[in-house]
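# Close look at the chain arrangement
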Amino acid sequence: MKKNTILYCLLFFLFFGIFGKGRSLHSKECNQKIVCLNSLILVEKMPEFSKAQKELDKLSKNHENTLEKLAKEFHKKAEKFQKNKNPILKKELEILQARAHAYQKNAADDLAKKQNKLLNPIYKKIENAINKVMDKDQTIIRVDDCSPGKGVLVNKGVDITEEVKKELGI
């Protein structure tokens, strides 16, 4: 009988100890909040972004011009080949087509690398500003991106875009 009493006492204290901790965790969770920001607005307002966009547009245009020249050259040779079915021209067409495909892949890789090089510092700057806002408001536990197309359909969290814009000075 004494063993049962001790067992019941242990279970009682264990149960209320866990229940008490659960209540304090619950009250702590109630003070935490999930917020959102529109990263698209932030990125578009940053002066670094327009500069990066101009550089990327220029690089893209250069690659497009080169691909256009290769396409014109290909079409001229294709017309010649249609007229006289020369096997040498056919081989030149195959080589030219392979060159164009290789250039297109290299151009895409080049553009992606340049985009990462130019945009990653912008994203890092935004991330640092978000962290500063979160440091000021310790109740924020998560920041969702509520930009169009980012997958957040409804977010009842507080929108901190304006606070982050202030941190960025934009």
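Everything numeric in this text was worked out from a predicted model, so none of it was measured. (Residues numbered from 1 in each chain as written. Predicted model: local features only at pLDDT ≥ 70, side-chain atom pairs only at ≥ 80, totals over all residues. Heavy atoms only, no water.)

What follows deals with the confidence of the model for the chain. Per-chain confidence: the chain averages 82 in pLDDT, with 79% of residues scoring 70 or above. Per-residue pLDDT, averaged within each element of the chain, yields its smallest value for helix H1 (residues 2-30) (46) and its largest for helix H4 (residues 87-136) (93). When the criterion is pLDDT under 50, residues 1-5 qualifies, and its contacts beyond four places in sequence or with other chains add up to 0 contacts. Note that residues 7-27 has pLDDT below 50 and, in this model, 0 contacts with residues that lie over four places away or in other chains. (pLDDT = per-residue confidence, 0-100. Helix = DSSP H or I, 4+ residues; strand = E, 2+ residues; numbered from the N terminus. Contact = heavy atoms within 4.5 Å.)

Moving on to the pattern of salt bridges. For the coordinates displayed, the defined rule picks out 9 salt bridges. Lysine 125 serves as the salt-bridge partner of glutamate 48, at 2.6 Å between the closest nitrogen and oxygen. Taken together, the residues span a long stretch of sequence, with glutamate 48 in helix H3 (residues 47-84) and lysine 125 in helix H4 at a distance of 77 residues. Relative accessible area serves as the criterion here: at 29%, glutamate 48 is assigned to the partly exposed category. For lysine 114, the salt bridge is made with glutamate 55, and the minimal N-O distance between the two is 3.5 Å. Here lysine 114 is found in helix H4, whereas its partner glutamate 55 is found in helix H3, with 59 residues between them in sequence. Look at glutamate 55 and you get partly exposed, because its relative accessible area is 30%. (Salt bridge = Lys/Arg side-chain N within 4 Å of Asp/Glu carboxyl O. Buried < 20%, exposed > 50% of the residue type's maximum accessible area, 1.4 Å probe, protein only.)

Running from amino to carboxyl end, H4 crosses helix H5 (residues 161-168) at an angle of 115°, the nearest separation of the two axes being 9 Å. The orientation of H4 with respect to H5, classified from their angle, is roughly perpendicular. Two packed elements cross with a definite hand, and for H4 against H5 that hand is right-handed. The segment H4 lies against H5, with Lys125, Ile126, Ala129, Ile130, Lys132, Val133 and Lys136 engaging Glu163, Val164, Glu167 and Leu168. For the contact of H4 with H5, the residue count by class is 6 nonpolar, no polar and 5 charged. (Axes fitted to C-alpha atoms, helices over the stretch in contact; angles between N-to-C directions. Parallel < 35°, antiparallel > 145°, perpendicular 65-115°, else oblique. Left-handed = near helix turned anticlockwise from the far one by under 90°. Nonpolar A, V, L, I, M, F, W, Y, C, P; charged D, E, K, R; others polar.)

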